[in-house]
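Each chain, letter by letter, is given below.
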Amino acid sequence: MTKEDLVRALNADLAAEWGTVIRYTYQAGKSFGVLGTELREMFRKEVEDELGHAAFLTDVIVDLSGEPTTVPKEFGKPEGLKAMLQVDLEMELKDIENYRMHAKHAEELGESELKVKLEEMAADEAGHARELRRLLKGL
Ligand SMILES: [Fe+2]
Ligand SMILES: [Fe+2]
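Residues numbered from 1 in each chain as written. Chains lettered and ligands numbered in written order. Predicted model: local features only at pLDDT ≥ 70, side-chain atom pairs only at ≥ 80, totals over all residues. Heavy atoms only, no water.

(A) Structural detail: the overall build of the chain. Looking only at helices and strands, one finds four helices and zero strands in the chain. Listing each helix as α and each strand as β along the chain from the N terminus yields α-α-α-α. Its C-alpha atoms give the chain a radius of gyration of 15 Å, near enough to 14 Å, the size a compact globule of 139 residues would have. For the chain, the spread of C-alpha atoms along the principal axes amounts to about 50 × 25 × 20 Å. Sequence separation of 24 or more characterises 80% of the internal contacts of the chain that already satisfy a separation of 6 or more. Working note: accessible area of the chain is about 7,700 Å², and carbon and sulfur atoms make up 53% of it. Of the side-chain charges in the chain, 19 are positive and 29 negative, and the distance between the mean point of each set is 6 Å. (Helix = DSSP H or I, 4+ residues; strand = E, 2+ residues; numbered from the N terminus. Rg over C-alpha atoms; globule rule 2.2 N^0.38 Å. Contact = heavy atoms within 4.5 Å. Areas by Shrake-Rupley, 256 points an atom, 1.4 Å probe, with all protein chains shown as cover. Lys, Arg positive; Asp, Glu negative; His and termini not counted. Charge placed at Lys NZ, Arg CZ, Asp CG, Glu CD.)

Structure follows, in structure tokens:
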């Protein structure tokens, strides 16, 4: 694990965050009915968290002398609220896994503040995943 490997890993995380910002904004626009109204609120609230994550990763990548990506990760666009939320849950779980792994990489390189921040971001995504599981239970 070199500093360049860490920058590459953090850029993959950043692409995922940009993708999530777009996905939640898109999904808020595609949420209809009574449940849709509740979902729109959740998506809007979570977009703020994801934007915070994206801003943090951008600053860290610049600080590590890397070039932060502005290209979002692709995401599926299934029809219907349930399928949509299942995509979100899968992607949040993937993000948790990546942040935990990259926190270990940061620790290996002696980047202890970054390690803690990545673990906190994994915890934020775990909160999002819990919220999604709650919603999916009702569907
Ligand atoms: Fe995030
Ligand atoms: Fe999230």
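(B) How the structure looks around empty space enclosed by the protein. Here the structure, examined in full by the defined rule, presents two cavities of 30 Å³ or more. Computed from the structure, the largest cavity encloses a volume of approximately 40 Å³. Lining the largest cavity we find Ala16, Thr20, Arg23, Lys73, Met91 and Asp95. For the lining of the largest cavity, the element with the most residues is helix α1 (residues 3–29), which contributes three residues. The computed volume of the second largest cavity comes to approximately 30 Å³. Residue lining of the second largest cavity: Asp13, Ala16, Glu17, Asp95, Asn98 and Tyr99, and that is the complete set. For the lining of the second largest cavity, the secondary-structure elements that each account for two or more residues are α1 and α3 (81–108). (1 Å grid on protein atoms, 1.4 Å probe; cavity = no way out; pocket = protein on both sides within 12 Å on 5 of 7 lines; lining within 4 Å. Points joined across faces, edges and corners; volume = space filled by probe spheres on them.)

(C) Up close: the packing of helix α2 (residues 33–63) against helix α4 (residues 112–137). Two elements in contact, α2 and α4, have axes separated by 12 Å at closest approach and are oriented at 170°. By the angle between their axes, α2 is roughly antiparallel relative to α4. Classified by chirality, the crossing of α4 by α2 is left-handed. Contact residues: Leu35, Glu38, Leu39, Met42, Lys45, Glu46, Asp49, Glu50, His53, Phe56, Leu57 and Val60 in α2; Glu113, Leu114, Lys117, Leu118, Met121, Asp124, Glu125, His128, Glu131, Leu132 and Leu135 in α4. Per-class residue counts for the contact of α2 with α4 are 11 nonpolar, two polar and 10 charged. (Axes fitted to C-alpha atoms, helices over the stretch in contact; angles between N-to-C directions. Parallel < 35°, antiparallel > 145°, perpendicular 65-115°, else oblique. Left-handed = near helix turned anticlockwise from the far one by under 90°. Nonpolar A, V, L, I, M, F, W, Y, C, P; charged D, E, K, R; others polar.)

(D) Region of the structure containing α3. With 28 residues, α3 ought to run about 40 Å at 1.5 Å a step, and its terminal C-alpha atoms sit 41 Å apart, in line with that. Looking one or two residues beyond α3, the residue adopting positive phi is Gly110, at roughly 80°. (Expected span 1.5 Å × (residues − 1).)

Geometric descriptors of this kind do not, in isolation, establish any biological role.
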